Amino acid sequence: MRGEDSARLSWAARLYIGGVVLVATVVLVRGPFGDIRWWRNVAVLGLLLVVFESTATLLRPRQLAWSPNSSATLAAAVLLGPVGAGLVGACTIFGMRRGPSIAQRAFNTGMMALSAYLAGRAFVAMGGTVGIPNSTSFPKVIGPFAVAAVVHAATNHTLLAGVLWLTSDRDFAGRRAPLGMSVKLIASDLGYGAFGLLIAALWGVAGVFAPVLILIPLFVARWAVTQIAEQQQAYEATVGALCQAVETKDFYTRGHSDRVSRGSVMIAREIGMRGERVEAIRYAGMLHDVGKLGVPTKVLQKTGKLTEEEYAAIQLHPMRGLDIVREIGFLDEALAGIMHHHERIDGRGYPMGLAGGEIPEFARVLAVADAFDSMTSTRSYRGARPVEEAVAELRKWAGTQFDPAFVDAFVAAIKRDGWQSPEPPVLAVDDLTTVAAQDHDDPSAPLRVIDSL
Amino acid sequence: MTQRRHELRRFPWQVRDSGLLLLVVAAGVVLFASVAQTAVQGLRDPRIAVAFGVLIAFGEVLRLNLPGDRETAPIGMAGALAYALLIRVGDHSVQYTAEQVVTVTAIGMIVGALPHLAVGRPAKIGGMSIRLLCVACVAFIFRPLAGNSAVAYHWGLAFSVMTALAVLALLLEAVLTALLRVDEQRARFRVALVDEMRVQLPLGAAVGASGLLIAFAAEVMGLAALAVFTAPLLVTQVAFRRYAGIRATYLQTVRALAKVTEIGGYVEPGHSERVSRLAIAVGRELGIHEPQLLELEYAALMHDIGQLSLADPIPGGATVLVSRQDQQRIAELGADVIQQAQVLGSVAEIVRRQNEPYRGVEVAHEGYRGRPGRLDRWDGEPSRPPLSSRIIKAANAFDDLVGSSLDPGRAAAAVQQLRLDTASEYDPEAVEALSRVVNRRSVIQL
């Protein structure tokens, strides 16, 4: 919901934002307010909040931003009481960030003011004394403060979830990501909330310098958070590029890894895998065929039947892949998935001939996405099949080759979100690429092997 | 030769790790004296001592590995600094001595190291000694001052002294760690120190500030300050841990995927790994800083990735044996692959120019696949490839000639061959550094 999008805001969303702002205004205008020193402290903490707000970390472009605001507002709840905390929270409006639109800014301000006010109320209700804490107020101030921090985080995230629900596109990722993320966000919010108590405590010895001392660790933490995001992006881009390099050799399988990765993630989300495992299966999908490079090009290019040795060379590729990725420190499950992605439910797959539940879950997921992408892409011996036909083929082999549960999940996900089949490749006369004559992933056209007898 | 071998076997500490030994002995002496003094005098303020000891032990359990195999204990260090800089807890002025600070810190560290030992991780005694010496330094300066009423009752003065001491402690930690690394990795001291400060600065600032914060907050909050402050620093540490984890996975992934050229039969097994190890050693020898060293490592690991785009593997995979045009084509293709990742721009540049003669290309070389060749001239001088490219060129040629052989004679012959080509082809500096690395290696291998 940026400036140009705000025209598209639904009436419900506008009403919701207006309501939040109105309630916050009414609550704050009623007072009571303090003396001149009270106002000065509101100004100092408000300034701190503006600094935090201006340097917020963007979590998802255009939608969510995170900053350690709660430490300023919670300190205000202790030092200045509910109304003071609300006023400090309202300083969000002066944030220098360029991203948010007017509607977003108004909502953020209302939300921060309201959650700070409620936190202050909770602090007082739990028996906390408003004012500069001294050596006698510890440790009994900790209990009310913790409750205030929880109330702050709860109000904040409930209001936020509401606005996200009302404004976000109803797409798949848009609906689920904030839920998974908010648990981590709430945890870090509570952690930084503890700084609020520290600011309040130091106010007695260090006065207005207290926030300055607090700033350093907070900014370091922020720095680390941005570094994580940057590294994560760099990592994904590099893995993607390297996988692409592996598959450039074969004209027909370009983009295969990427699509298998997407398909596996669709299945994983559909069956409700945890976020961490979804990430792992994404990488497993990208890397599932790296071992194919160990298969000699002439075997892949062969048009006639394969000899037993040649078939064995193909069957070895999951193991070769495992050899390559073994040392990468991500989930073991991803490694198992890569190794067993050609096992069949009836036990006639390779390399181990595992059956049914013996096959790791990741491998069963990968197998479905792998075969589906193979069928919906163009091959040298046939054109791409339409999605419906490929779905029928998957259903046909469910129970013998594929796990029926994952086939169902995949079909449901495709029905809802659609599937982007690759464009047929443009053949160029080029000495750099090769054309595979058979596809080991294609269940409808199994590899032809010369009978040894 | 046999004489030398004998000596090496007998006194391994004379060759390596002499710095570590010195450090551990110094820390041991300080600790021994402090424990003796504390034992004679008895423990003062035992409640406070136990609280801080527990915090330091907790911090030691939660050690953190930063990129570049650096182990730190941010929470433990912040706790120890705070204990050294404490003036009052509540209304009570603390009475303990610097020796007691050293003793409590050491006990906390040792207790915290036990779980690591129990699960079979190394104790990392070097890092512990450095931390202990830094804390000791702060304690011996500040404890006598803490009783001084000028410091104790003037917030500004106390704040300045404490800040200066925290900075001093963290600087000392960086210097000692850099010295240790010079010893371990044969890096140059100035380079190692700058790298150390760059890596440690953000976390160090947080640790120093947190140490000061607890010392001040304890005056108001009492010992509850320890619990309250730990939560935010814990969050920071979790963030750093994830950051370091992703960095490590990244490197592992590039290492692993660089192996696809071996599995595909394009290059000899182990080639990428050996070239990258050699290139890093040469880079350290030439005083390259860590961020560029990481780029060098990525580039060296992926220097042959362009071969994946060739229909048929080069026999034996030795790029030194094929024509310049083919070499250039492989380099360009590899650089294109890396360029696609969009984040490793300078790595792509290093790979692209890995074959150019070190004096630079006089004329624009023929472009590949219709891409115009670059005009590599700048004010009449041909532009030189980056240092990392020149290092990879030398390391790659050396490995193509020697392979996995450990024969010193063969290595010497290969170095000699590279030397003969330093007039235009190989960078003389890189070749000399490589020669030193190779000599050292063959001595160690004997």
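Residues numbered from 1 in each chain as written. Chains lettered and ligands numbered in written order. Predicted model: local features only at pLDDT ≥ 70, side-chain atom pairs only at ≥ 80, totals over all residues.

1. Overview of the overall build of chain B
Phase 1: When helices and strands are tallied, chain B shows 19 helices and six strands.
Phase 2: Of all 446 residues assigned to chain B, the portion counted as buried reaches 47%.
Phase 3: Contacts in chain B between residues far apart in sequence, at least 24 positions, make up 71% of those at least 6 positions apart. (Helix = DSSP H or I, 4+ residues; strand = E, 2+ residues; numbered from the N terminus. Buried ≥ 20, exposed ≤ 12 C-beta atoms within 10 Å, placed from the backbone. Contact = placed C-beta atoms within 7 Å.)

2. A look at the domain arrangement of chain B
Residue and element names in this part refer to chain B.
Phase 1: Split into domains, chain B comes out as domain 1 (2-245) and domain 2 (259-445).
Phase 2: The interface of domain 1 with domain 2 comprises eight residues on the first partner and four residues on the second.
Phase 3: A per-element tally of the side of domain 1 that touches domain 2 places helix α10 (residues 189-221) first, with three residues. (Domains from an automatic or database assignment.)

3. A closer look at the interface of chain B and chain A
Phase 1: Between chain B and chain A, the contact holds 56 residues from the first and 57 residues from the second.
Phase 2: When contributions to the side of chain B that touches chain A are tallied by element, the ones reaching two or more residues are α10, α11 (224-258), α12 (260-263) and α15 (324-340) of chain B.
Phase 3: Counting residues per element, the side of chain B that touches chain A draws most heavily on α11(B), which supplies 24 residues.

4. Focus: the nonpolar core
Phase 1: By size, the foremost hydrophobic cluster in this structure holds 143 residues, and its most contacted members are A:Leu198, B:Leu81, B:Leu85, B:Val135 and B:Ala217.
Phase 2: With 14 residues, the single largest contributor to this core is α10(B).
Phase 3: Discounting residues that sit within four places of it in the chain, B:Leu81 has contacts with B:Val135, B:Val138, B:Ala166, B:Ala169, B:Gly208 and B:Gly211.
Phase 4: Residues A:Met266, A:Ala280, A:Ile281 and B:Ala335 belong to the second largest nonpolar core, which totals 104 residues. (Core = buried A, V, L, I, M, F, W, Y, C linked by C-beta atoms within 7 Å.)

5. Digging into the environment of A:Val365
Residue and element names in this part refer to chain A.
Phase 1: Positionally, Val 365 belongs in helix α14 (residues 361-376).
Phase 2: The class of Val 365 is buried, set by 31 C-beta atoms lying within 10 Å.
Phase 3: The spatial distance from the C-alpha of Val 365 to the C-alpha of Val 260 is 9.8 Å, given a sequence separation of 105 residues.
Phase 4: If near-sequence neighbours (up to four positions away) are discounted, Val 365 is found in contact with Ser 264, Ile 267, Ala 268, Ile 281 and Phe 406.

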